[in-house]
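Per-entry structural report
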Amino acid sequence: LKDTRGMALAGWCLANGCWGVRKNGRHGMMLLTSAAERGSDLACYNLGAGYLEGRHGLPEDKKEAIYWLKRATDGSCSVRHLMKKALADAKAKLEALEANE
């Protein structure tokens, strides 16, 4: 895929098994990682949440969660398509993680 937004949405859909797509967490995380590396704030948020909660085959890793949630919230992503509610959730998760360090 060349479209970063499409890659992030396809990854999310595969990871969660939505819209009739068979769930495939591993492939979903691969697409989300690629999209995050290409600057998708949505993908960064989903990776951060995945590492925080140990979902979709990702290990629970607070350091990785902080890294990806920071990227999702700090304005450094060039592809911004994260909804306001998810952005607020990402900021809250990040604040809680940083308070416990």
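Heads up: these notes are all about the structure in this document. (Residues numbered from 1 in each chain as written. Predicted model: local features only at pLDDT ≥ 70, side-chain atom pairs only at ≥ 80, totals over all residues. Heavy atoms only, no water.)

Digging into the nonpolar core
Put simply, the rule is: Residues belong to one nonpolar core when they are buried, are Ala, Val, Leu, Ile, Met, Phe, Trp, Tyr or Cys, and are joined through side-chain atoms within 4.5 Å. Between buried and exposed lies partly exposed: a residue is buried under 20% and exposed over 50% of the maximum accessible area for its type, with that area taken using a 1.4 Å probe on protein chains only. Elements are defined by DSSP. Helices are runs of H or I of four residues or more, strands are runs of E of two residues or more, and each kind is numbered from the N terminus. Should any heavy atoms of two residues lie within 4.5 Å, those residues are considered in contact.
In terms of nonpolar packing, the biggest core is built from 28 residues, with Y45 and L47 touching the most fellow members. Elements that contribute at least two residues to this core include exactly α1 (4-16), α2 (25-37), α3 (41-53), α4 (62-73) and α5 (84-99). In terms of residue count, the dominant contributor to this core is α3 (seven residues). Aside from chain neighbours lying at most four places away, what touches L47 is M29, L32, T33, A36, L58 and W68.

Here's the deal with the side chain of N46
Mapping N46 onto the fold places it in helix α3. Note on N46: relative accessible area 9%, which makes it buried.

Quick look at the pattern of salt bridges
Rules: By salt bridge we mean one thing: a side-chain nitrogen of Lys or Arg within 4 Å of a carboxyl oxygen of Asp or Glu.
Inspection of the entire model under this criterion finds five salt bridges. With a closest N to O distance of 3.4 Å, K70 and E98 form a salt bridge. Of this pair, K70 sits in helix α4 while E98 sits in helix α5, and the two are 28 residues apart along the sequence. Residue class for K70 comes out partly exposed when judged on its relative accessible area of 39%. Of the residues examined, E98 reaches a relative accessible area of 33% and is grouped as partly exposed.

Structural notes on the packing of α3 against α5
For clarity, the cut-off: Lines are fitted to the C-alpha atoms to define the axes, a helix being fitted only along its stretch in contact, and any angle between axes, read from their N-to-C directions, falls within 0 to 180 degrees. Any angle that falls under 35 degrees is termed roughly parallel, while one over 145 is termed roughly antiparallel, one within 65 to 115 roughly perpendicular, and all others oblique. Handedness of a helix crossing follows the sense of rotation of the near helix relative to the far helix, less than a right angle counterclockwise being left-handed and clockwise being right-handed. Classification convention: Asp, Glu, Lys, Arg as charged; Ala, Val, Leu, Ile, Met, Phe, Trp, Tyr, Cys, Pro as nonpolar; all other residues, Gly among them, as polar.
Following both chains from N to C, one finds α3 and α5 inclined at 40°, their axes separated by 11 Å at the closest point. In terms of orientation, α3 lies oblique with respect to α5. Seen from above, α3 lies across α5 with left-handed handedness. Each of Y45, A49, L52 and E53 in α3 lies in contact with α5, whose residues at this interface are A86, D89, A90, K93 and L97. Classifying every residue of the contact of α3 with α5 by side-chain character gives six nonpolar, no polar and three charged.

Let's talk about the packing of α3 against α4
One way to put it is that α3 packs onto α4 with a least axis distance of 7 Å and a crossing angle of 155°. Considering their axes alone, α3 and α4 lie roughly antiparallel with respect to each other. Two packed elements cross with a definite hand, and for α3 against α4 that hand is left-handed. For the pair formed by α3 and α4, the contact residues are D41, C44, Y45, L47, G48, A49, Y51 and L52 on the first element and E64, A65, W68, L69, R71 and A72 on the second. For the contact of α3 with α4, the class distribution of residues is 10 nonpolar, one polar and three charged.

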